[in-house]
Amino acid sequence: MSAKNSPKIATFTSRPYNRAVHALAVILTVAVFPLIWVGGLVTTYDAGMAVPDWPGTYGWNMFAYPASTWLFGPFDLLVEHSHRLLGSLAGFLSIGLVIAAFRYDPRTWFHWWCVGVLVAVIAQGALGGARVVLDQRTFAMIHGCTGPLFFAIATATAVMSSRWWLSDVAQAVKGRPKLAWLASILVVGSYGQLILGAQLRHVTAAISHTTFMMFVHSHLTLAGLVMLLALCLAGFATFSREISERISRPAGLLAVIVLLQIGLGIGTWIVNYALPWSDANATVAGYTILSKGYWESLIVTAHMATGSLIISLATVVALRAWRVRLLIQ
Amino acid sequence: MNSSAPRPPTHFNDRRWACAIAWLIPCVICLSGCDVPIDAFEPNRLFAKRLELNERVELEQVRDDVQVILEELFGTPDSPRWPDFLTNDSAVKHLVSIERLQRAAGAVRSDEAGVHFGLYREHCILCHGIAGNGLGATSRLLNPYPRDFRLGKFKFKSTPIGSRPTRDDLARTLADGITGTSMPAFRLLTEEDLQALIDYVIYLSIRGEVERNLLLRATFDLDWDDDERLIDFSVRESDAEQFQTQWQEIVAIVSKVANNWGAANVAPLLNISRPTNLPIVGDEIQNTEEQQRLAESVVRGRTLFQGKVANCASCHGMAGAGDGVVNDYDDWTKDWTSNAGLDPSDKLQLKPMLELGALKPRHIQPRNLQRGIYRGGSRPEDLYLRIVRGIEGTPMPAAPMQPENPLGLSENDVWDLVNFLLNLPNQSHDADTVQGGSPS
């Protein structure tokens, strides 16, 4: 919809857009997603202690570790060391982002936001290091929970440095005030869902079967709520003419990914534990779980990574919806 | 909402939300429980409670003594031990190696060569629990429940009911998994990893059986009026003779339990040879004569299946759909319910046991054989074993066999039954029309 036809036009002044800052934020976001995948593989293959020292790798400087052992050695070593290298890449990109922001972006708050991104990536690396040095699986779980949070922060940085964000948002029209809230609740809900999922994924022998069952039931209940929220959000965003495509498109994509995630969740349970009523279905009854099998590992890791993607996409929708709403006001 | 109306500042609300979320995340993480070190095995509270209920005694001191003895004999989850007297016993010295035990125990890690340690925690502990009691974190949601190793009973094995399984039996279950259940196939593990896990399962089973036997001995053999104890470590130096006497009683219990395992592993294996003159379903049929012999075998198998000797139909139903009348529980459930004088279907009676972590009893279900899915393996030899050996701990008995039982089944009868079972998924499943028919 063009600004001419809009009943209300935002009165914000355009701010200078800088391609370098935005490009770095986007590259950082794109780089974090495979980092999350490989981190997921570390957990799937129980490879967290495949390298017992940190920040070095078997006594080597992390970056000088022989590529032959890294790439052609044990699989556990490959995923753990790759995770560390990808984490370092995210760190370097964050440093570049801070420099670019201070140099090219006039927004003071954004400078400090980028510093926050750098602090977050350092903290995330330190958590990963603590998991190894202290050999504590609880740190692995916290590290696994804060990783998607960093992914969402990187995504938010990309959104807030985009041309669309910095323009007058001519598309901003009436909007739907509730949309921003709905999207925000979805961010919180999907993150809560990820935390519950992490409890199941990083479960230790120290918890009772009653506690585990409580987490399973909570995870299932929240999955239903998140799905409902995502479908409502997509419905509002898609069927309301007044809403910018910048919001409706990611909202629609988000709903599709949430539905995919539900399927991956069911798959994850089956490849981990089989269905509790397996006799009800001949296909499931005839399935034998293969421990650390290719498809089993892929499904479980994809479920974890898609959870991060949902949070990230929900962040995009929420930020854009809030931006439009605040401009209107 | 009217966008033109003046609105109060939203900063406060936003900040409140941010604070709430900032608190919520660490709270949920903390509530999930920290990585508590696994420094001891869980005691067998259910069995102790059963004895207390049956005998109306209080075993508090005994339970403490038993844990001290077990730690002295078997160490801890991080640092397992294998009693020296078993290492020196020729009948059982090959049963468990301390090196393999140490590989399977402890925290999960791997080295630069890709060798994995802490295998039990990596692959088994979440379902089977620290002590192998089948009460792991995930156990309540699984069907069937994970196996409790401490009774020394294993379902799928080549040895008779009442005997322990062989290492090969355990290796087959580990490598092939159990279809349709939560027990995965671990065939991607190295042979060394599998052998280490087998050692650890045997270790947990022996440890668990010793614990039960110590509790039994304390309950029935000790003179309570004289404050007699299983062992008193405080008199190890001051009254060495008494200590040695008590210790030798314990050694005898451990040796007896371990020897059961040793005997199963040195006994001659059941010879399973396919009959030369009878094709088996799945074999390549060469001519119509073989086809005819196979069809006749399937018909004979049906007659045996529905007959009184094999008596399969009473549980599995006339058509093998698993719809016979069975209102029973497995031995692992009976161990803490009916054996403790408790009705498994009475929740109120079971309350003290459920509070100790027992899992809600479930009726055992006869297999629906029409599906062609067999938990103990689907090779003809696996079915032969299930018929001849039964399934330990369940109502599935071993078939009476000739010549021990003149009225029992012959080997050829068993192969006829195997043919009937293997052909069952291809047949009409109407109970009245299950006539054997032509094998597909």
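Residues numbered from 1 in each chain as written. Chains lettered and ligands numbered in written order. Predicted model: local features only at pLDDT ≥ 70, side-chain atom pairs only at ≥ 80, totals over all residues. Heavy atoms only, no water.

*Asks:* What is the right way to read the interface of chain A and chain B from this model?
*Replies:* A common way to state how big an interface is: give the accessible area lost once the parts meet. Chain A puts 58 residues into the contact, and the matching count from chain B is 56 residues. Roughly 4,700 Å² is buried in total at the junction of chain A and chain B, and carbon and sulfur atoms are behind 61% of that figure. On the surface where chain A and chain B come into contact, there are one salt bridge. Linking chain A to chain B there are 12 residue pairs in polar contact (both at pLDDT 80 or more). The set of elements that each furnish at least two residues to the side of chain A that touches chain B consists of helix 3 (75–104), helix 5 (137–160), helix 7 (177–201), helix 8 (209–239), helix 9 (245–273), helix 10 (282–285) and helix 11 (294–328) of chain A. By residue class, the composition of the side of chain A that touches chain B is 35 nonpolar, 15 polar and eight charged. (Contact = heavy atoms within 4.5 Å. Buried area = accessible area lost by both parts, 1.4 Å probe. Salt bridge = Lys/Arg side-chain N within 4 Å of Asp/Glu carboxyl O. Polar contact = N/O pair within 3.5 Å; in protein donor to acceptor, adjacent residues only side chain to side chain. Helix = DSSP H or I, 4+ residues; strand = E, 2+ residues; numbered from the N terminus. Nonpolar A, V, L, I, M, F, W, Y, C, P; charged D, E, K, R; others polar.)

*Asks:* It is not clear to me how the confidence of the model for chain A should be interpreted in this structure. Could you clarify?
*Replies:* Detailed reading of the predicted coordinates is not advisable wherever pLDDT is low. Residues of chain A with pLDDT of at least 70 account for 92%, and the chain-wide mean is 90. Taken as a whole, residues 1–13 of chain A scores under 50 in pLDDT and shows 21 contacts with residues more than four places along the chain or in a different chain. (pLDDT = per-residue confidence, 0-100.)

*Asks:* For this particular structure, what's the right way to read a nonpolar patch on the surface?
*Replies:* Residue and element names in this part refer to chain A. A surface patch of nonpolar side chains, about 430 Å² in accessible area, is lined by Phe 63, Phe 92, Ile 95 and Ile 99. Secondary-structure assignment places Ile 95 in helix 3. Look at Ile 95 and you get partly exposed, because its relative accessible area is 38%. (Patch = residues over 30% accessible without salt bridge, like charges linked within 9 Å, V, L, I, M, F, W, Y side chains within 5 Å. Areas by Shrake-Rupley, 256 points an atom, 1.4 Å probe, with all protein chains shown as cover. Buried < 20%, exposed > 50% of the residue type's maximum accessible area, 1.4 Å probe, protein only.)

*Asks:* Help me understand the environment of Asn 61 of chain A in this model?
*Replies:* Residues and elements named next belong to chain A. Tracing the backbone through its elements, the reader meets Asn 61 in the loop between helix 1 (19–44) and helix 2 (67–72). On the basis of relative accessible area, Asn 61 is assigned to the partly exposed category, the value being 49%. Asn 61 sits 41 residues away from Phe 102 along the chain, and the two C-alpha atoms are 31 Å apart.

*Asks:* Before we go on, may I ask you to explain the packing of aromatic side chains in this structure?
*Replies:* Across all of its chains, the model carries 21 aromatic pairs over all chains by this definition. Ring plane angle 55° and centroid distance 4.6 Å describe the contact between Trp 269 of chain A and Tyr 273 of chain A, whose orientation is recorded as tilted. Placement of the pair is Trp 269 of chain A and Tyr 273 of chain A together in helix 9, with a separation of four residues, close to one helical turn. By the ring-pair criterion, three or more aromatic residues cluster together here, those being Phe 41, Phe 74, Trp 82, Tyr 120, Tyr 200 and Tyr 203 of chain B. Over the ring of Trp 165 of chain A we find Arg 323 of chain A; its NZ or CZ atom is 4.9 Å from the centre of that ring. Directly above the ring of Phe 47 of chain B sits Arg 212 of chain B, whose terminal nitrogen or CZ lies 4.0 Å from the centroid. (Phe/Tyr/Trp six-rings, centres within 6.5 Å; stacked < 30°, edge-to-face > 60°. Lys NZ or Arg CZ within 6 Å of the ring centre and 35° of its normal.)

*Asks:* Got a minute to help me understand the nonpolar core in this structure?
*Replies:* Here is a general trend for soluble globular proteins: nonpolar side chains tend to be buried in one another's company. One finds Leu 28, Leu 97, Leu 186, Phe 212, Leu 233 and Leu 254 of chain A to be the most contacted residues of the largest nonpolar core, which totals 75 residues. In terms of residue count, helix 11 of chain A provides more of this core than any other element does, 11 residues in total. When residues no more than four places from it in sequence are discounted, the contact partners of Leu 97 of chain A are Val 21, Leu 24, Ala 25, Leu 28, Cys 114, Val 117 and Thr 157 of chain A. Core analysis: the next-biggest nonpolar cluster, separate from the first, contains 65 residues, Phe 47, Trp 82, Leu 214 and Ile 250 of chain B among them. (Core = buried A, V, L, I, M, F, W, Y, C linked by side-chain atoms within 4.5 Å.)

*Asks:* In this structure, what is going on with the packing of helix 3 (residues 60–74) of chain B against helix 9 (residues 191–220) of chain B? I would like to understand it.
*Replies:* Each pair of packed helices can be summarised by the angle the axes make with each other and by the distance between the axes. Residues and elements named next belong to chain B. Relative to each other, helix 3 and helix 9 sit at 145°, their axes nearing to 10 Å. The element helix 3 and its partner helix 9 pack so that their crossing is right-handed. Where helix 3 abuts helix 9, its residues Val 62, Arg 63, Val 66, Gln 67, Ile 69, Leu 70, Leu 73 and Phe 74 lie against Tyr 203, Ile 206, Arg 207, Val 210, Glu 211, Leu 214, Leu 215 and Ala 218. Its residues placed into classes, the contact of helix 3 with helix 9 shows 12 nonpolar, one polar and three charged. (Axes fitted to C-alpha atoms, helices over the stretch in contact; angles between N-to-C directions. Left-handed = near helix turned anticlockwise from the far one by under 90°.)

*Asks:* What is the right way to read helix 3 of chain B from this model?
*Replies:* Because the α-helix completes a turn every 3.6 residues, residues three or four places apart line up on one side. Residues and elements named next belong to chain B. Over its 15 residues, helix 3 extends 21 Å from the first C-alpha to the last, a length consistent with the 21 Å expected when each residue adds 1.5 Å. Of the positions making up helix 3, those classed as buried are Val 62, Asp 65, Val 66, Ile 69, Leu 70, Leu 73 and Phe 74. Burial along helix 3 is one-sided: seen end-on, the buried residues are contained in an arc of 135°. As for helix 3, its buried residues are in contact with helix 4 (84–87), helix 9 and helix 10 (240–266). Directly beyond the C-terminal end of helix 3, a positive phi value near 70° is found at Gly 75. (Expected span 1.5 Å × (residues − 1). Arc of directions from axis to C-beta.)

*Asks:* Can you help me understand the pattern of salt bridges in this one?
*Replies:* It is possible for side chains bearing opposite charge to pair when their charged atoms get close. All names here are of chain A. In this structure the tally under the stated criterion is 31 salt bridges over all chains. Close ionic contact of Arg 84 with Glu 80 constitutes a salt bridge, the shortest N to O distance being 2.9 Å. You can see Arg 84 and its partner Glu 80 sitting in helix 3, four residues apart, about one turn around the helix. Here Arg 84 and Glu 80 have matching classes, each one buried.

*Asks:* Help me understand unusual backbone geometry, please; the structure alone is not making it clear to me.
*Replies:* Pro 55 of chain A follows Trp 54 of chain A through a cis peptide bond whose omega is 5°. Inspection of the secondary structure assignment puts Pro 55 of chain A in the loop between helix 1 and helix 2. Across the junction of Asn 143 of chain B and Pro 144 of chain B, the peptide omega takes the value 0°, indicating a cis bond. Structurally, Pro 144 of chain B can be placed in the loop between helix 7 (125–128) and helix 8 (167–176). Its identity is not glycine, yet Tyr 58 of chain A carries a phi of approximately 50°, on the positive side. The phi dihedral of Ala 274 of chain A falls on the positive side, at around 65°, and the residue is not glycine.

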